[in-house]
Amino acid sequence: MIPTPDLSHLTSEDYEKVYEPAEDTFLLLDALEQDQQQLQSLQPSICLEIGSGSGCVTTFLAKVLHQPALCLTTDLNHHACQITKRTGMQNGVAIDTVRTNLVDAIMPRLKQKIDVLCFNPPYVVTPTEEVGSVGIEASWAGGVDGREVIDQLLPLISDLLSPKGIFYLLLIHENRPLEVMKMLKEQQGLSSHIALERRAGRERQYIVKIYR
Ligand SMILES: C[S@@+](CC[C@H](N)C(=O)[O-])C[C@H]1O[C@@H](n2cnc3c(N)ncnc32)[C@H](O)[C@@H]1O
């Protein structure tokens, strides 16, 4: 069993500025741990987490891989970028962080080069006006059906994933995971299945695993 990354360097003040790991984060960690063998044999060169928050997921992924791979993260909250770097350092993992919207600053340079992609997006159903902050609200505000940020990323997946690439995407029931999977198949020819699902309070959370 791979331990959860040490987050003891983070304070309640940090969690006023960045998302504190919660059930959704841990579901993503469980999906990565469940796929440990597959991920190790993939020998990924470049891993990317979009919306890294505390950096917990990427730090964990680096431990799952037991090997150096370029660990890259993006977040539009600059506190998240700083804290992600600190979490990596605290756990002996080098993480390169980029403050940008989704993958804007790294495309097209990393076109079809991402071997492992993770995103625990802002998925909560909110009014559209709440989407687009660069503060803590960006952690959850997902707009209509909680899909507004997710839908900005979906058309880019085929352009991001390497031929052997895998994408772990957290969704909740309200985001209509089956519809997302159908869209990815029809529009980009990508395969997918639900790798894990769990109830967390009133939320039904899913990890959708997407690949060529
Ligand atoms: C639900 S939190 C997840 C944080 C962390 N990955 C975890 O699992 O604990 C969503 C993260 O996505 C970031 N985010 C939201 N919209 C984004 C966007 N358009 N581009 C980049 N990051 C974004 C937020 O700032 C936040 O850090």
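Summarised in this report is the structure supplied together with it. (Residues numbered from 1 in each chain as written. Predicted model: local features only at pLDDT ≥ 70, side-chain atom pairs only at ≥ 80, totals over all residues. Heavy atoms only, no water.)

Counting buried residues along strand S1 (residues 46-50), five of its five residues qualify, which places the element largely inside the surrounding structure. The two faces of S1 match: Ile46, Leu48 and Ile50 on one face and Cys47 and Glu49 on the other face are all buried. As paired strands, S1 and strand S2 (residues 70-75) are joined by five bridges and run parallel to one another. Each bridged residue has a counterpart across the sheet, and for glutamate 49 the counterpart in S2 is threonine 73. In this view, the connection linking S1 to its parallel neighbour S2 by way of helix H4 (residues 56-65) has right-handed handedness. Examined bridge by bridge, S1 and strand S4 (residues 114-119) share four bridges and lie parallel to one another. Note that in S4 the partner of leucine 48 across the bridge is leucine 117. (Buried < 20%, exposed > 50% of the residue type's maximum accessible area, 1.4 Å probe, protein only. Helix = DSSP H or I, 4+ residues; strand = E, 2+ residues; numbered from the N terminus. Pairing = 2+ DSSP bridges. Right-handed = clockwise from strand over helix to strand, strands pointing away.)

Moving on, we come to the layout of surface pockets. Each pocket or cavity is described by its volume, and for the largest pocket that value is around 600 Å³. Looking at the largest pocket, it is lined by 42 residues, and the ones nearest its centre are Asn120, Pro121, Pro122, Ala138 and Ser139. Within the residue set of the lining of the largest pocket, elements represented by two or more residues are helix H2 (23-34), S1, H4, S2, helix H6 (148-153) and strand S7 (203-211). Residue contributions to the lining of the largest pocket peak at three residues, all from H2. A class-by-class count of the residues in the lining of the largest pocket yields 20 nonpolar, 17 polar and five charged. (1 Å grid on protein atoms, 1.4 Å probe; cavity = no way out; pocket = protein on both sides within 12 Å on 5 of 7 lines; lining within 4 Å. Points joined across faces, edges and corners; volume = space filled by probe spheres on them. Nonpolar A, V, L, I, M, F, W, Y, C, P; charged D, E, K, R; others polar.)

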